[in-house]
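Chains, contacts and geometry: an overview
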Amino acid sequence: EEERKKFNPDAKYWQVRGSYSGPVVLSKSGWNHRLPVVVVESELDGLLLLQDCGNLVNIIALGSASIRPDRKYLSLLRSAKEILIATDADTAGIGAWDWWLQNFGRKCKIGLLNCKDIGEFKQLGGNLRQWILQYCYNNYTLDELHEQAWRERQEYYKRLQKHYIEFFKSKKAA
């Protein structure tokens, strides 16, 4: 804190020289093109979302409301079916909405939290999973999503079982 005040007392944050200052994808198991994307401002907000909703959404943490995605991230965002913009509810965050809406149009939604950011929403007792379901999953209940996931898993196991049966039959015949 002392050094920050000495070199740049007006700076809210101090970035270590050589560190990365662009957007970051946060994911439990890699980018999933079938899931909606949530764009947040801070990495901490992104980590909270990852903790509570990592299996429901892809997350991009910008680092700042003024940072725009580079070519790699633009490609991921253009392939997304839906993008939820959850930047902070301050002047910079709200000001960023126009850019997102102009560049991604109808696939973009603005996620309103009635507080400053995702961290404050969670701190005040907000349910991030319910919020994501409301904005990204047409108000499905958690039970409905679990049932859908269970059905998909059962279908996968049936295909896998069929594959192994055919494989072993071909080995036996040979």
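Let me begin by describing the structure that accompanies this report. (Residues numbered from 1 in each chain as written. Predicted model: local features only at pLDDT ≥ 70, side-chain atom pairs only at ≥ 80, totals over all residues. Heavy atoms only, no water.)

**A short note on the overall build of the protein chain**
The following threshold applies: Only DSSP runs of H or I with at least four residues qualify as helices, and only runs of E with at least two residues qualify as strands; both kinds are numbered from the N terminus onward. Note on contacts: a residue pair qualifies if any of its non-hydrogen atoms lie within 4.5 Å across the two residues. Under the convention used here, a 1.4 Å probe and the Shrake-Rupley method define accessible areas, while residue burial counts only the protein chains that appear.
On a plain count of helices and strands, the protein chain comes out with seven helices and five strands. Secondary structure elements of the protein chain occur, N-terminal to C-terminal, as α-β-β-α-β-α-β-α-β-α-α-α. In the protein chain, of all internal contacts separated by at least 6 residues, the share reaching a separation of at least 24 is 62%. Within the structure as shown, the protein chain displays about 11800 Å² of accessible surface, and the carbon and sulfur contribution to it stands at 52%.

**Details of the side chain of Asn58**
Heads up, the rule is: Partly exposed residues are those whose accessible area sits between 20% and 50% of the maximum for their type, while under 20% is buried and over 50% is exposed, using a 1.4 Å probe and protein chains only. Contacts described as polar in this section are N or O atom pairs within 3.5 Å, which, within protein, must combine one atom able to donate a hydrogen with one able to accept it, while residues neighboring in sequence count only if both atoms come from side chains.
With respect to the helices and strands, Asn58 occurs in strand β3 (residues 58-61). Asn58 gets classed as buried once you look at its relative accessible area, which sits at 2%. Among the polar contacts made by the side chain of Asn58, one reaches the main-chain carbonyl oxygen of Leu35 at a distance of 3.3 Å.

**With respect to the pattern of salt bridges**
Put simply, the rule reads: Salt-bridge detection follows one rule: a side-chain nitrogen of Lys or Arg within 4 Å of a carboxyl oxygen of Asp or Glu.
As enumerated under the stated definition, the model contains four salt bridges in all. Lys109 is paired through a salt bridge with Glu82; the nearest N and O atoms lie 2.8 Å apart. Linking Lys109 in strand β5 (residues 108-110) with Glu82 in the loop between α3 (71-79) and β4 (83-86), this pair joins segments that are 27 residues apart in sequence. A residue is classified by how much of its surface remains accessible, and Glu82, at 16% relative accessible area, is buried. As a salt-bridge pair, Asp88 and Lys116 come within 3.1 Å of each other at their nearest N and O atoms. Taken as a pair, Asp88 in the loop between β4 and α4 (91-104) and Lys116 in the loop between β5 and α5 (118-123) lie far apart in primary sequence, 28 residues in all. When its relative accessible area of 7% is taken as the criterion, Asp88 is described as buried. Given a relative accessible area of 34%, Lys116 falls into the partly exposed group. Here the salt bridges share partners, and the residues they tie into one network are Asp88, Lys116 and Asp117.

**Some words on α3**
Inclusion rule: The arc in question is formed by the directions pointing from the helix axis toward the C-beta atoms.
Among the residues of α3, those classed as buried are Tyr73, Leu74, Leu76 and Leu77. Each buried residue of α3 lies within a common arc of 160° when the element is viewed along its axis, so the set occupies one face. Counted as exposed and oriented over 90 degrees from the buried face of α3: Arg71, Lys72 and Arg78. If you follow the buried residues of α3, they end up packed against β1 (24-26), β2 (37-40), β3, β4 and α4.

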